[in-house]
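Overview (structure and organization)
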Amino acid sequence: MKIQLKRLNDKFHFETKNERGHVVHLDNKSEPNPQGASPMELLLMGVAGCSGIDMVMILGKQQLEIKDLRMEVEGFRKDDGTVPNTFTRIHVKVYLEGDIPANKAQRAAALSFEKYCSVAMMLEKAAEITYDVTVNGKPVE
């Protein structure tokens, strides 16, 4: 796996490109009018994307139809002024719509966040990762 990074302005706006030519823009979120996501935001996006892929695969193998899948991922950082200011906790809210039994949705999330998601497995070495699941507007206990 390999990416390229190119600086696009005289500040912090970068273009990254993977080997297949897909482009993602990065910027410093404290800049006025940032032109891309911050590197820390990309980590959170990576957790959501990785887990989303897992959950679609897991539920799909059970022949369960997902009508909609959304996630909200929030990262909590140390607030003591130390550098680096890493995430200490990440919380993911998973929202599923479709004919999906609550227990199967919960199990798919557990398998993803606790076993299969490479991004979560890497980040859990530095930050606690928690999640909750809502199916068709009802929280899963």
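Report follows, based on the coordinates. Note that residues are indexed from 1 along each chain, following the sequence as it is written. Only residues with pLDDT of at least 70 are given local features in this predicted model, and only at 80 or more are side-chain atom pairs given and counted; all residues enter the totals for whole chains, interfaces and linings. Only hydrogens and water are set aside when side-chain values are computed; all heavy atoms of the structure are taken into account.

**So, the overall build of the protein**
Each helix is a run of DSSP H or I of at least 4 residues and each strand a run of E of at least 2, with the numbering of both proceeding from the N terminus. Looking only at helices and strands, the protein features 3 helices and 7 strands. Along the protein, helices (α) and strands (β) appear in the sequence β-β-β-α-β-β-α-α-β-β when read from the amino end. Overall size of the protein, expressed as C-alpha extent along the three principal axes, is 50 × 40 × 25 Å. Throughout, a residue-residue contact means that at least one pair of heavy atoms, one from each residue, lies within 4.5 Å. Partitioning the intrachain contacts of the protein with sequence separation of at least 6 by distance along the chain shows that 48% fall at a separation of at least 24. Using a 1.4 Å probe, accessible areas were evaluated by the Shrake-Rupley method; residue-level cover was limited to the displayed protein chains. Total accessible area on the protein stands at roughly 9300 Å², and carbon and sulfur atoms take up 52% of it. Charge centroids of the protein, computed over 19 positive and 20 negative side chains, lie 5 Å from each other. Note on charges: Lys and Arg go in the positive column, Asp and Glu in the negative column, and His and the chain ends are not counted at all. Charge coordinates come from a single atom per side chain, which is NZ of Lys, CZ of Arg, CG of Asp or CD of Glu.

**With respect to the sheet that holds strand 2 (residues 14-18)**
Two strands form a pair only when DSSP identifies at least two bridges running between them. Spatially, 3 strands are ordered 1-2-3 in an open sheet, and the strand pairing comes out antiparallel. On the outer flanks of this sheet lie strand 1 (3-7) and strand 3 (23-26), each paired with one strand and no other. Neighbour-to-neighbour, the strand axes of the sheet open up by a mean angle of 25°, direction not taken into account. By the bridge criterion, 4 bridges tie strand 2 to strand 3 in an arrangement that is antiparallel. The partner of Lys17 across the bridge, within strand 3, is Val23. Note on geometry: axes are lines fitted to C-alpha atoms, helical ones only across the stretch in contact, with angles between N-to-C directions running from 0 to 180 degrees.

**Notes on unusual backbone geometry**
The linkage connecting Val83 with the following residue, Pro84, adopts the cis geometry, with an omega of 0°. Residue position: Pro84 is located in the loop between strand 4 (66-77) and strand 5 (87-98). Here the phi dihedral of Asn33 falls at roughly 55°; this positive angle occurs in a residue that is not glycine. As for its position among the elements, Asn33 is in the loop between strand 3 and helix 1 (39-61). A simple rule labels every residue: compare its accessible area, found with a 1.4 Å probe on the protein chains alone, to the largest value its type can have, and call it buried under 20%, exposed over 50%, or partly exposed in between. You can call Asn33 exposed: its relative accessible area is 62%. In this model, Asn136 sits at a positive phi of 50°, which is unusual for a non-glycine residue.

**Considerations on helix 2 (residues 102-116)**
For helix 2, built from 15 residues, the straight-helix expectation of 21 Å at 1.5 Å per residue is met to within 8% by its first-to-last C-alpha distance of 20 Å. All of the buried residues in helix 2 are Ala105, Ala108, Ala109, Ala110, Leu111, Ser112 and Phe113. The elements touched by buried residues of helix 2 are helix 1, strand 5, helix 3 (118-123) and strand 6 (128-135). Helix span is expected to be 1.5 Å times the residue number reduced by one.

**Considering the environment of Leu26**
By the element assignment, Leu26 lies in strand 3. Taking the C-alpha atoms as reference, Leu26 lies 38 Å from Asn103; in sequence the two are 77 residues apart. Setting aside residues no more than four positions away along its own chain, Leu26 makes contact with Leu5, Phe12, His13, Phe14, Thr16, Gly36, Ala37, Ser38, Pro39 and Leu42.

**Section: the sheet that holds strand 5**
Spatially, 4-5-6-7 is the arrangement adopted by the 4 strands of the open sheet, whose pairing is mixed. Of all strands in the sheet, those with a lone pairing partner are strand 4 and strand 7 (138-139), marking the two edges. With 2 bridges connecting them, strand 6 and strand 7 associate as antiparallel partners. Across the sheet, Thr134 pairs through a bridge with Pro139, a residue of strand 7. The strands touched by helix 1 are strand 4 and strand 5; relative to strand 4, the strand with the most contacts, the crossing angle is about 145°. Sheet strands in contact with helix 2 are strand 5 and strand 6, and its direction is about 160° off that of strand 6.

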